[in-house]
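Architecture at a glance
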Amino acid sequence: MKKLKAISEVLSSSVTRWTEAEITLEHEDKILLVLTLVIGAIVGLVVTAFILVTENLGSRMYPAGGAAWRRLMLPIGGALITGYLLRRHFPNARGSGIPQTKTAFFIRDGLILWRTVVGKFVCSSVSLATGIALGREGPSVHIGAGIASVLGRRLGLSPQRVKSLIPIGSAAALAAAFNTPIAAVLFTLEEVMGDMHAPVLGAIVLSSATAWMVLHLLLGDEPLFHVPAYQLVHPIEFALYAVLGAAGGLVSVGFVKLLLWQRKRFLRLPGYTQWFQPSVGGLMVGVLGWFVPQVMGVGYGNINEALNGHMVVKMMVLLVVLKVIATTTCYASGNAGGIFGPSLFIGAMLGGAFGGTAHSLIPDYTASVGAYALVGMGAAFAGIIRVPLTSVIMIFEVTRDYAIIVPLMIANLISYFISSRLQRKPIYEALQEQEGIRLPPAARDREELMTVGQACHPAAEILSAIEPIGEVAARVNRDQSAWPVVQGRILLGMVTIDQLETAVRNGQDKSSVGELVLPSVLGGAFEFPHIYADDPLDTAMRRMAVYGLKVLPVVSRAHMHELTGIISVDGILGAYGLDGERHPANQGARDKSQMSAKVLVRTLIVLFVAVILTAVLSTVYRSERAARAQRLFSEGEALMARERTEEAIEDYRAAVSISHNKEHRLALALALVKADHEEEAKIYLSELLQENPHNGPANLGLGRIKVKQGDVAQAVESFDRAIHGSWPGDAATQKRLARLELIDILGKSGHRERAQAELLLLKAEMPADAAFRRNIGQLFLKLGMPAESIAINRDLLKANKNDDEALAGMGEAELALGHLVAAQSAFHSAAISEPENTSYQARVEFLDSVISMDPGVRGLDAAERYLRSRNLVGAVLAAFEHCHAVSLVNQPDAGGATAETARRSLLRSVKPRSYGEATETNIEIATQLWSERMKLCGAPVASEIAVSRAVSEASH
């Protein structure tokens, strides 16, 4: 006990000393690492919840088979609700959130309020669920950055540290929202920070990976889009993809210009209209959605259809136009939502329409429509968002298809080039400038430069514009040489000591100071000497030299007339340590920022809570989603049982989108095969076979696809793998059924010997199941093995002598062997056993007719054989005369001699000298006349089948 107490005291004192001491840079880096994991986990959880809330709410608002009025009224109602919330409670939650995220990073030291995060979540969920034509990725980025900002401030981090957390939260959010961890990193560096060499790159990668893992833990591993395998068909396609890139660039420019034009007009409206402005977008979507439902929402399902070639060209062209109108109106009117998803939608429809047209003109030189839809997605994204590198990687990640990466790069580059030439300012920068916000240019190593913010200080003296010049001149400290002039809180400009003294000498001492500030109007904004806090100090020095001032006002990038401080020559020299003093502003620049140990403790606590919360939510989400997926799967199974394949596919798709269950994917794949959606089915089957090459049902489905495509050899290989593979449930029965299907395919494709061999193998392991035995008996008959069929049906009759199907099978087999009487007897017994089955009686009557014309039936005397030969001649002559009367108008003499011989034979009434010779003569006449009839009229009609069979039997 004493030892334990001593150890406890040592640990306690060590922790106390460590807590009270400042943490070194090494510890600070470790804390940042832990904090990055915390942000990634929490953002992943929140964004996953955002996805689930949006999808579940949307499925309830638009149930399958819902009334059309929902498409008109719900977008308007949702826009009114979000408009009110945005106006009264969440003013900073409008739009996509990416411009706001950039503003927080560059201007507001990473400040994003918790209220804004909540508002973005709520308003975006309502907007997207009600069908507003915007996306979820932009809001997710804003939410993720906001969570990082709130967490950093709650932990007591410095503004500079909070600012560095913004890209960490942004990358985590995009990785979770789009299931694209690599593209999330690139987009954060390329667009949010504008610096591909950012010092926080490692933390951004880690947070993106963490959020992605949380997403997969909760929702499983499922790509956003399923695409068939693509390949370059002909080199001429490079030119086509280049043209598609140009078209993508032009459409992108049209989209951006239309959005900016509309938003400019909405911003000019009075402030009190902001709460109902979003309803304009809702009305537009509702009206368009009434006629074309595909224009509503993000449209990922429609993108999937375009990628798999399931949409017609005219519809895709229409959707390009309508989606551009709907999305720009929704965004410009102030709805909460982004333009990531709509950009991909527009690109997919544009590419699909282009590819469909090209494929119809030169089908031998072009890939499928889906390949062009995929490239179109990247081209539109690169043109609208202006992140060409991110767009290439993002398309690769959302589809997981690398085959078409080169055409994608070509189209993206051309689209980006055209867009940047015709619309100089990128869309997010233009949107911010409409709000009066000007961001600094991105520059490498910007973080390493000393900035104005490190040397500026609050203005010691500020002059009011209404003060008299004389009083000001007498009061000011002449050592400063220049002072800011404000009117209320608005900075008007700077006034110098020379201006004051000159005004006094000129007798203007009673005039106001504001009259000395003579601003020039450039573009509607007052221009005056100023500097921004994030500008380098050398920029401030150069600007002082240009204006001839020793002091400059430091203004906000969000509002140029908002004064944040003053920078002077002395302050700059002090920042560089040239005045011999250690200034507070310089202190932060030359000393590493220190963090309290309490921050680490708090961070670890938050991480622990996040882990526990993740585990709990994972269990709850997985349970709820698994139950919902199983319910949809069961509904799909019921629909398949009723042969409603297309409806079943929709339920299967919904189940797979929720749960990556192998059983669900397999059911969807097999249903797609049955509905002739081979390309999409191959995607799921290939995934299943990659996971388990011996998957019997998956190999069976792939074999069926090969059969439909006419590749029998490959189909047989797939069926062989299915027969010898692994199966769930009753594997033996499933394998036998697969072999039955293979035998049928081999028989139909002309591989009779292989089919017969497979059938004999199947017979060796034939189960006692009567239905299965009947199937085997039928296959033996189809493959020309009637004796084996008779044996199987005989065994069935031993078990049940009244088995009408076995009796009928016996009859067909006897008929194949030419045993007409035995066949007649079997069908007669089947008709007695099952009198309601009229087909049995029809076969009896058919055989009666054939037997009455067949002289070769065993057991007949010579006179009876002769009589039946005359019946045969009569029946053949009647068939010939009917054919002659109907079809041989232009050949009146065809077959006439043989027909005349037949008539004379029938007219002979005397007893022949030899029944045998007369019978043979009649058979010869009937055979020859039937041959003439077949040459002139082709295959016999239904009423002549018995005659045809009788001739065949007699000639043998």
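The rules behind these values
- Residues numbered from 1 in each chain as written.
- Predicted model: local features only at pLDDT ≥ 70, side-chain atom pairs only at ≥ 80, totals over all residues.
- Heavy atoms only, no water.
- Helix = DSSP H or I, 4+ residues; strand = E, 2+ residues; numbered from the N terminus.
- Buried < 20%, exposed > 50% of the residue type's maximum accessible area, 1.4 Å probe, protein only.
- Contact = heavy atoms within 4.5 Å.
- Areas by Shrake-Rupley, 256 points an atom, 1.4 Å probe, with all protein chains shown as cover.
- Core = buried A, V, L, I, M, F, W, Y, C linked by side-chain atoms within 4.5 Å.
- Pairing = 2+ DSSP bridges.
- Patch = residues over 30% accessible without salt bridge, like charges linked within 9 Å, V, L, I, M, F, W, Y side chains within 5 Å.
- Salt bridge = Lys/Arg side-chain N within 4 Å of Asp/Glu carboxyl O.
- Polar contact = N/O pair within 3.5 Å; in protein donor to acceptor, adjacent residues only side chain to side chain.
- Axes fitted to C-alpha atoms, helices over the stretch in contact; angles between N-to-C directions.
- Left-handed = near helix turned anticlockwise from the far one by under 90°.
- Nonpolar A, V, L, I, M, F, W, Y, C, P; charged D, E, K, R; others polar.
- Phe/Tyr/Trp six-rings, centres within 6.5 Å; stacked < 30°, edge-to-face > 60°.
- pLDDT = per-residue confidence, 0-100.
- Expected span 1.5 Å × (residues − 1).

This part is about the overall build of the protein. When helices and strands are counted, the protein shows 40 helices and 8 strands. In the protein, which comprises 956 residues, the proportion classed as buried is 51%. The long-range share in the protein, meaning contacts at least 24 apart out of those at least 6 apart in sequence, stands at 70%. Total accessible area on the protein stands at roughly 43600 Å², and carbon and sulfur atoms take up 59% of it.

Here the focus is the nonpolar core. The biggest cluster of nonpolar side chains holds 126 residues, and the ones touching the most others in it are Phe187, Phe255, Ile303, Leu307, Ile339, Met377 and Tyr428. Counting 65 residues, the second-largest nonpolar core is a separate cluster that includes Leu759, Val844, Val857 and Ala875.

As a further point, take the sheet that holds strand β8 (residues 563–568). On the basis of which strands lie adjacent, the open sheet formed by 3 strands has the order β6-β7-β8 and mixed pairing. Two strands close off the open sheet at either side, each with one partner strand: β6 (531–532) and β8. Sheet topology places β6 next to strand β7 (residues 551–555); 2 bridges connect them, and they run parallel. Looking at β7, one finds that Ile531 is bridged to Val554.

Before going further, it helps to spend a moment on a nonpolar patch on the surface. Together, Trp69, Met73, Leu283, Val287, Trp290 and Phe291 make up a nonpolar patch on the protein surface, roughly 640 Å² of accessible area in all. Listing elements by their share of the nonpolar patch, those giving two or more residues are α3 (69–88) and α11 (278–291). Top contributing element to the nonpolar patch by residue count: α11, with 4 residues.

As a further point, take the environment of Ser164. One can find Ser164 in helix α7 (residues 159–178). The class for Ser164 is buried, based on a relative accessible area of 14%. The spatial distance from the C-alpha of Ser164 to the C-alpha of Ala203 is 9.6 Å, given a sequence separation of 39 residues. Polar contacts involving the side chain of Ser164 include one to the main-chain carbonyl oxygen of Arg161, which spans 2.6 Å.

For the rest of this paragraph, the subject is the environment of Gly514. Here Gly514 lies in the loop between α20 (497–505) and β4 (520–522). You can call Gly514 partly exposed: its relative accessible area is 22%. Linking Gly514 and Gln487, residues 27 residues apart in sequence, is a C-alpha distance of 8.2 Å.

Turning next to the packing of α7 against helix α9 (residues 201–219). Contact pair α7 / α9: the axes reach a minimum separation of 7 Å and the direction vectors enclose 35 degrees. Considering how the two elements wind past one another, α7 and α9 form a crossing that is right-handed. Across the interface between the two elements, Pro167, Ile168, Ala171, Ala172, Ala175 and Ala176 from α7 touch Ala203, Ile204, Ser207, Ser208, Ala211, Trp212 and Leu215 from α9. Classifying every residue of the contact of α7 with α9 gives 11 nonpolar, 2 polar and no charged.

Counted under the stated rule, the structure contains 22 salt bridges. Here Asp720 and Arg754 are joined by a salt bridge, their closest N and O atoms 3.3 Å apart. Of this pair, Asp720 sits in helix α29 (residues 712–723) while Arg754 is found in helix α31 (residues 752–764), placing the two residues 34 residues apart along the sequence. On the basis of relative accessibility, which here comes to 23%, the residue Asp720 falls in the partly exposed class.

This brings us to the packing of aromatic side chains. Following the criterion strictly, the structure yields 9 aromatic pairs and no others. Between Phe340 and Phe381, the aromatic rings sit 5.1 Å apart at their centres with planes inclined by 80 degrees, giving edge-to-face as the arrangement. With Phe340 in helix α14 (residues 340–361) and Phe381 in helix α15 (residues 369–385), this residue pair connects regions lying 41 residues apart in the sequence. The class for Phe340 is buried, based on a relative accessible area of 0%. According to the relative accessible area criterion, Phe381 is buried, its value standing at 1%. Every member of this aromatic cluster is reached through a ring pair, and the members are Phe178, Phe187, Phe340 and Phe381.

This next bit is on the sheet that holds strand β1 (residues 463–464). Sheet strands line up and pair through hydrogen bonds in the backbone, either parallel or antiparallel. Spatial ordering of the open sheet is given by β1-β2-β3, a layout of 3 strands whose pairing is mixed. On the outer flanks of this sheet lie β1 and β3 (490–496), each paired with one strand and no other. Across the sheet, α20 lies against β2 (482–487) and β3, angled at about 75 degrees from β3, the strand it touches most.

Right, let's talk about the pairing of β3 for a bit. Among the 7 residues in β3, 5 count as buried, and that is most of the element. Bridge count for β2 against β3 is 6 bridges, and the pairing is antiparallel. Residue pairing in the sheet places Trp483 in a bridge with Val495 of β3.

When pLDDT is averaged along the protein, the result is 80, and 86% of the positions lie at 70 or above. Model confidence for the protein, summarised as mean pLDDT per element, is weakest for β4 at 36 and strongest for helix α13 (residues 313–332) at 93. Here residues 443–448 is modelled with pLDDT under 50, and outside its nearest four sequence neighbours on either side it reaches 10 contacts, counting other chains as well. Across residues 520–526, confidence stays below pLDDT 50; counting only partners more than four residues off in sequence or on other chains, it has 8 contacts.

This part takes up the side chain of Thr390. Here Thr390 shows up in helix α16 (residues 388–399). Note on Thr390: relative accessible area 0%, which makes it buried. A distance of 3.3 Å separates a polar atom in the side chain of Thr390 from the backbone nitrogen of Phe187.

Now for helix α17 (residues 405–422). Each full turn of the α-helix corresponds to 3.6 residues, which orients residues three or four apart in the same direction. With 18 residues, α17 should cover 26 Å at 1.5 Å per step; its first-to-last C-alpha distance of 26 Å lies within 8% of that length. For α17, the set of buried residues is Ile405, Pro407, Leu408, Ala411, Asn412, Ser415, Ile418, Ser419 and Ser420.

Turning to its location among the elements, His677 is positioned in the loop between α26 (662–674) and α27 (678–691). The class of His677 is buried, set by a relative accessible area of 18%.

It is worth spelling out α7 at this point. Across its 20 residues, α7 extends 29 Å between first and last C-alpha, which sits within 8% of the 28 Å expected from 1.5 Å per residue. Summarising burial for α7: 17 of the 20 residues are buried, a large majority. The first or second residue beyond α7 is Asn179, which carries a positive phi of 60 degrees.

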